[in-house]
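Coordinate inspection notes
Given next are the chains, with one letter for each unit.
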Amino acid sequence: MISFVISLAALVFGYLIYGRIVERIIAPDDRPTPAVAQADGVDYIVLPSWKVFMIQFLNIAGTGPIFGAIMGAKFGPAAYLWIVFGCIFAGAVHDYFCGMLSMRHKGASFPELVGIYLGIPAKKILLVFSIIVLLMVGTVFVYSPALILGGMTAPNVDAKTFHIMIWIAIIFAYYILATMLPIDKIIGKIYPIFAFALLFMAVALGGYLLIKWPTLPEVWNMSSTPNLDGSAIFPCLFITIACGAVSGFHATQSPLMARCIKSEKSGRAVFYGAMITEGIVALVWATVSSYFFYDGGAATVGSTTAAQAPEVVTAVSKGWLGFIGGILAILGVVAAPITSGDTAFRSARLIIADFFKFSQRPIINRLFVAAPLFVAASFLLWFNIADKDGFNIIWRYFGWSNQTLAVFTLWTATVYLAREQKPYVLALIPALFMTIVCTTFICYSNTMLNLSLTTSYIIGGITFAITLIWFFLWQKRYKTTIKNN
């Protein structure tokens, strides 16, 4: 528990100290934001700063900082280190730069930003890649909350499947409405309520841990703590815990709020702050899960250490917080993926519309872009239901592709800082690290290339050297071009 308290304090101080350093580098000012200069009543709308923060927090939260932290806890106390250092120095930096650069470029979507700083070929690749990831997010975030809600509402085991299907239909219908309507009509009104439920869950479970004070594996005892996952900590931990540390999915969400912020000076609280808050949620669930898996917590709630992430959530929330607290906690967990799923489809619509310069003011135009997305998502959802391992397969590929998006965002931030002759090292280091993680994982994972760990490490090291050399060669050419012009 000492590791938990230290990690919690580190995240808070990370926001107060390192967040301020990052903010000073980009230097927000009083220029008109896209929400003011390009207001359209649909996607570009000024919202109160507190509401923008709540929406951003729910947009990026999803099941990642909960399910990911639960699965990541099986790797042992190393999860604490990744959540803290990843969140402060990579994830929050990633989200802040993506949001601020979007504001500086008229609310540009993620592929547009990549095109500006990494080139048109990278933009085209990221356009397709982003849409695929967002479709996977929407699919996963339909099924996982429906699974929990079906278990809560079904009167018996036999009726559970039927209830899950009903909830899938309800959530999918909500996604269609939330994607089509102006952002302030549904999202702007109900997200603060869902945010309260999610934050209540984190605070309540964190308070329970502090009162209970279980004996948990500490960071300084990592070498003697068994790895219950069985996979190599590097790179698998850094793919498993994504949203609580660094997540490329956030790059598709931050531009949504960049179109709703009244002042650039709110950016640190909205983008950097929301990521730190998400890190705290992940930290709580990693600690809860550490107790669940390592110190007999599973038995106290009538479960086993073989339980899957949704089962852990349900058992812990009901067992530790009582009926009312458990319902609120579970609703928080359910709301998180639902409120990320709807904005995933919304982001996909806007990315496609931006690429083709297709106005989204008329609702018929929104329908024209969104309809194919929902048809494609329906096929993915059918596979998710038809294949008994469909959810796990989609989740594994989502994890890797999610972190690959983060690689492109961090390199975009690095190039921006280098162009502006600012301290690019704060984005370069996490960019290089995540490049190695994603390269090593695609080589090592048994669902991908399935190479030996040693071979995967060698390929990761070669990739590190190539990307570092590429960056410095690009920087040299760029400086020469600027000097000659």
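Quick note: structure is the one above.
Residue numbers here run from 1 along each chain, matching the order of that chain's written sequence. Totals for whole chains, interfaces and linings use every residue, but because this is a predicted model, local features are given only for residues with pLDDT of at least 70 and side-chain atom pairs only at 80 or more, for both listing and counting. The side-chain numbers reported here are obtained from all heavy atoms of the structure, hydrogens and water having been left aside.

Observations concerning the environment of Ala336
What counts as a helix is a DSSP run of H or I of at least four residues, what counts as a strand is a run of E of at least two, and both are numbered from the N terminus. Topologically, Ala336 is positioned in helix H14 (residues 309-355). C-alpha separation for the pair Ala336 and Gly99, spaced 237 residues apart in sequence, amounts to 20 Å.

A few points about unusual backbone geometry
Each neighbour pair has its own omega, and for Phe234 with Pro235 the value is 15°, a cis peptide bond. Positioned with a positive phi, Ala27 is a non-glycine residue whose angle comes to about 55°. On the secondary structure map, Ala27 appears in the loop between helix H1 (2-26) and helix H2 (34-37). We note that Lys357 has phi near 55°; this positive angle belongs to a residue other than glycine. Counting through the fold element by element, Lys357 comes out in the loop between H14 and helix H15 (363-386).

Regarding the pattern of salt bridges
Salt bridge, as used here, is a side-chain nitrogen of Lys or Arg placed within 4 Å of a carboxyl oxygen of Asp or Glu. Under the defined criterion, the tally for this structure stands at 9 salt bridges. Notably, a salt bridge pairs Arg20 with Glu23, separated by 2.9 Å at the nearest N-O pair. One end of the pair is Arg20 and the other is Glu23, both in helix H1 and 3 residues apart, which spans about a single turn. A salt bridge links Asp354 to Arg259; its shortest N-O distance comes to 2.8 Å. Of this pair, Asp354 sits in helix H14 while Arg259 is found in the loop between helix H11 (249-258) and helix H12 (267-294), placing the two residues 95 residues apart along the sequence. Each member of the pair, Asp354 as well as Arg259, is classed as buried. Residues participating in the shared-partner salt-bridge network are Asp29, Arg31, Arg104 and Glu264. Here's how the labels work: a residue is buried when its accessible area is under 20% of the maximum for its type, exposed when over 50%, partly exposed in between, all with a 1.4 Å probe on protein chains only.

Focus on the packing of helix H6 (residues 110-118) against helix H7 (residues 120-153)
Where helices are involved, their axes are fitted lines through C-alpha atoms of the stretch in contact, as for all axes, and angles between N-to-C directions lie from 0 to 180°. Direction vectors running N to C along H6 and H7 enclose 160°, while the axes themselves pass 7 Å from each other. Between H6 and H7, the crossing angle belongs to the class labelled roughly antiparallel. H7 is crossed by H6, and the crossing has right-handed handedness. Taking contact as the criterion, the partners of Phe110, Pro111, Glu112, Val114, Gly115 and Leu118 in H6 are, on H7, Ile120, Ala122, Lys123, Leu126, Leu127 and Ser130. Note that Gly is not counted as nonpolar here; it falls among the polar residues with everything else outside the nonpolar set of Ala, Val, Leu, Ile, Met, Phe, Trp, Tyr, Cys and Pro and the charged set of Asp, Glu, Lys and Arg. Class assignment of the residues belonging to the contact of H6 with H7 gives a composition of 8 nonpolar, 2 polar and 2 charged. In what follows, roughly perpendicular refers to angles from 65 to 115 degrees, roughly parallel to angles under 35, roughly antiparallel to angles over 145, and oblique to any angle outside these ranges. The hand of a helix crossing depends on one turn: near helix anticlockwise from the far one by less than a right angle means left-handed, and clockwise means right-handed. In what follows, a contact means two residues having at least one pair of non-hydrogen atoms within 4.5 Å.

Some details on the state of the cysteines
Cysteine sulfur atoms that pair up within 2.5 Å are treated as a disulfide. This structure, assessed with the given rule, holds 0 disulfides. The thiol sulfur of Cys98 is not disulfide-bonded, and the nearest other cysteine sulfur, from Cys243, lies at 14 Å. Cys260 carries a free sulfur, and the closest cysteine sulfur to it, the one in Cys98, is 14 Å from it. You can call Cys260 buried: its relative accessible area is 0%.

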